[in-house]
Structures are given as C-alpha cells and as structure tokens.
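Understanding the architecture of this molecule
Okay, here's what each chain looks like letter by letter:
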Amino acid sequence: MQRMLVLTRICGALLLATTLQVWAHGDVTPQPIDITGLEPIKDSDTVWLEKNPYPGNEKAIEIGKHAYAQNCARCHGIEAVSGGIAPDLREKLPLGDEGDEIFKERMVNGAIRNGVTYMPKFDGVVKQEGLWAIRSWLASVSVDAPATATSTAAAPASAPAASASPSVPAVARTGEQVFNTVCTACHTAGILNAPKIDDKAAWAARAAKGLQGLIASSSTGLNQMPAKGGDPSLTEQELSEAITYIFGKAGVDLGKETATNAAAPAPASDPVKPATN
C-alpha cells in the first residue's frame, strides 16, 4: 500500500511538471525593434513612462504591428487573435491609462508564477519606444477601439467614375523589405513549423515547386500560413522578390534546384512535419 502511494505521488509530480512545461510559453527571446521614425523618449533606457506616448500615432501603429508579429504572435496569436495559449490582447488589454499600466507592468516584470516564466520581461532588452509602439497597435485593434470611417464612404455617391484620376502605382517593395515586415515573424524563429530562413535543406526541398508554384502557394496560403503571409496588399511581383530573397539567404539556387527536381521522380508523399510554405 505504501509503495502504491509513493508511485501515485511520483506520477502526479510528473504530470504536474509536464503540464507546466506545456503552459510555460515564456521561452521567447525578445527581438529588437526598428524604431526609425518614432520620436525618442527622454531617458528611455532608465525611466519608464506611465502612459503611452504614441496613442493614435500612425507610424507607431505601423511599427508596432510588425514588432508584435516578431515578439508576441507566437503566444498571443497572429494579428492578436489568440489561439488559446495566452490571453487575447484585443479583449484583455483595456484602452487608456488602465491598459497602459498593465502593459508597462508586463514589459518591465514579465510574468512568472511558481518559478515558471510565462512571459519574459522586455525591459532592458527591447527599446521602450518599440514596446509602446506595440501598445499603440494593440489599442488600434482592440475590441473597444472606435470604428474608423472608410474613404469610400466619404466620397460623393454621384461622382462619375471616369472623372477619377488614374492611380499612381506604388513602388514595389524589395524581397528583403517584404521578408522583414511580413515573413520574419515565423521564418526567423521557425514558429508554427515554418522553415527557418537559414535552413538550406528545407528550402531546397521546396524548390521543386518552382518560382510560379511557390508564388501560387504563397498567394493562397498553405497549412498554417495565411494567404500572402497575412498581407493582402502584396503584389505578385513582391511575392516573387520575397521568395527569391529567402532562397538566396538560404543559399539555394532556386533556378538550379527547380531544374534538378523537375528531372527527378516526384516523391511519394510530403514530409511528415507540416510546413508553412
């Protein structure tokens, strides 16, 4: 009887340890944030502000969106839509001073319970300006954020279409720019089984699709990767540039690998491990 009791306690301890490992999602390494274009905060490395200095700042919101993808999406979900690992910040982080206070506390201290890190602290690792930019973006997608009027709603309904001046094509983003703003969140750290950018073998295997096949997969999405990586504004040219950039960084000659794989028999099945593209 005593032996059974000891075994029961051991099994219970192992189960608790396993549970803590599953829910301890704080094994994220904070990534630096490019804060170019943001007004600097005085003594930002030593003195934390009590309130967000960039509420409604469009540049801060833009920077914060990409910074969130790099630093927070793994646990709190892509586009702040939580998958259940961590709280949905669109709902759980209030607007205004109350939300600022909660945000600051988490950035400075992280979240540690019973010796387990559920969220690392970002203070001293990532610039305060970049962290407040994340707060600005989260406020913009909050369930309590006021709705914004669309430009089309403001246009006169009777305005003839022919009178509109032709739109000027935007300058296409380079492959590096697309990667750094859209792809880096998953393909730098390997989130959601995405192949890391420096994994030559993984990208060489994907070269069999050829550039056009890869563009098609990127356009429609694949497995856990959303269409166009979650940025519907990407053009086919920009997708092509991004794919070429990624394969180049991985050290894979896309043209050569495509020709080689085209000549070889097609594999019987895909690799067991799911990939995002």
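A few points on the structure. Keep in mind it's a predicted model, so treat the numbers as computed, not measured.

Further remarks concern the overall build of the protein. Per the secondary structure count, the protein includes 12 helices and 2 strands. When the helices and strands of the protein are read in sequence order from the N terminus, they spell out α-α-α-α-α-β-β-α-α-α-α-α-α-α. Relative to its full complement of 277 residues, the protein shows a buried share of 34%. Residue pairs in contact within the protein that sit at least 24 positions apart in sequence constitute 70% of those at least 6 positions apart. When the accessible surface of the protein is summed, it comes to about 17000 Å², and 58% of that surface belongs to carbon and sulfur atoms.

The next thing to look at is the nonpolar core. Of all hydrophobic cores here, the largest spans 28 residues; its most connected members are Tyr68, Phe103, Met107, Leu131, Ile134 and Leu138. Elements supplying a minimum of two residues to this core: α2 (58-71), α5 (96-109), β2 (116-119) and α6 (128-140). With 6 residues, α6 is the largest single contributor of residues to this core. Beyond its immediate stretch of four places on either side in the chain, isoleucine 134 contacts Ile33, Gly64, Ala67, Tyr68, Cys72 and Phe103. Within the second largest apolar cluster, 20 residues are counted, among which are Trp203, Ala204, Ile215 and Ala242.

Moving on: the environment of lysine 121. With respect to the secondary-structure elements, lysine 121 resides in the loop between β2 and α6. Residues lysine 121 and arginine 106 lie 15 residues apart in sequence; the distance between their C-alpha atoms is 6.8 Å. What lysine 121 contacts, discounting residues up to four positions off in sequence, is Pro30, Arg106, Met107, Val108, Asn109 and Gly110.

On to the packing of helix α10 (residues 210-220) against helix α11 (residues 236-249), then. The description of two helices packed together rests on the angle between their axes and the distance between the axes. The geometry of α10 relative to α11 is characterised by a closest axis approach of 10 Å and an angle of 115 degrees between their N-to-C directions. With respect to α11, the axis of α10 lies roughly perpendicular. Every pair of crossing elements has a handedness; the one defined by α10 and α11 is right-handed. Residue-level contacts link Leu211, Gln212, Leu214, Ile215, Ser218 and Ser219 of α10 to Glu236, Leu239, Ser240, Ile243, Thr244 and Phe247 of α11. Residue classes in the contact of α10 with α11 are distributed as 6 nonpolar, 5 polar and 1 charged.

Contact geometry for α2 and α6: axes closest at 7 Å, N-to-C directions at 95 degrees. Here α6 runs roughly perpendicular to α2, going by the angle between their axes. Taken together, the residues of α6 that come into contact with α2 (itself represented by Ala60, Ile61, Ile63, Gly64, Lys65, Ala67 and Tyr68) are Ala133, Ile134, Ser136, Trp137, Leu138 and Ser140. Here the contact of α2 with α6 is built from residues that sort into 9 nonpolar, 3 polar and 1 charged.

Calculation notes
- Residues numbered from 1 in each chain as written.
- Predicted model: local features only at pLDDT ≥ 70, side-chain atom pairs only at ≥ 80, totals over all residues.
- Heavy atoms only, no water.
- Helix = DSSP H or I, 4+ residues; strand = E, 2+ residues; numbered from the N terminus.
- Buried < 20%, exposed > 50% of the residue type's maximum accessible area, 1.4 Å probe, protein only.
- Contact = heavy atoms within 4.5 Å.
- Areas by Shrake-Rupley, 256 points an atom, 1.4 Å probe, with all protein chains shown as cover.
- Core = buried A, V, L, I, M, F, W, Y, C linked by side-chain atoms within 4.5 Å.
- Axes fitted to C-alpha atoms, helices over the stretch in contact; angles between N-to-C directions.
- Parallel < 35°, antiparallel > 145°, perpendicular 65-115°, else oblique.
- Left-handed = near helix turned anticlockwise from the far one by under 90°.
- Nonpolar A, V, L, I, M, F, W, Y, C, P; charged D, E, K, R; others polar.

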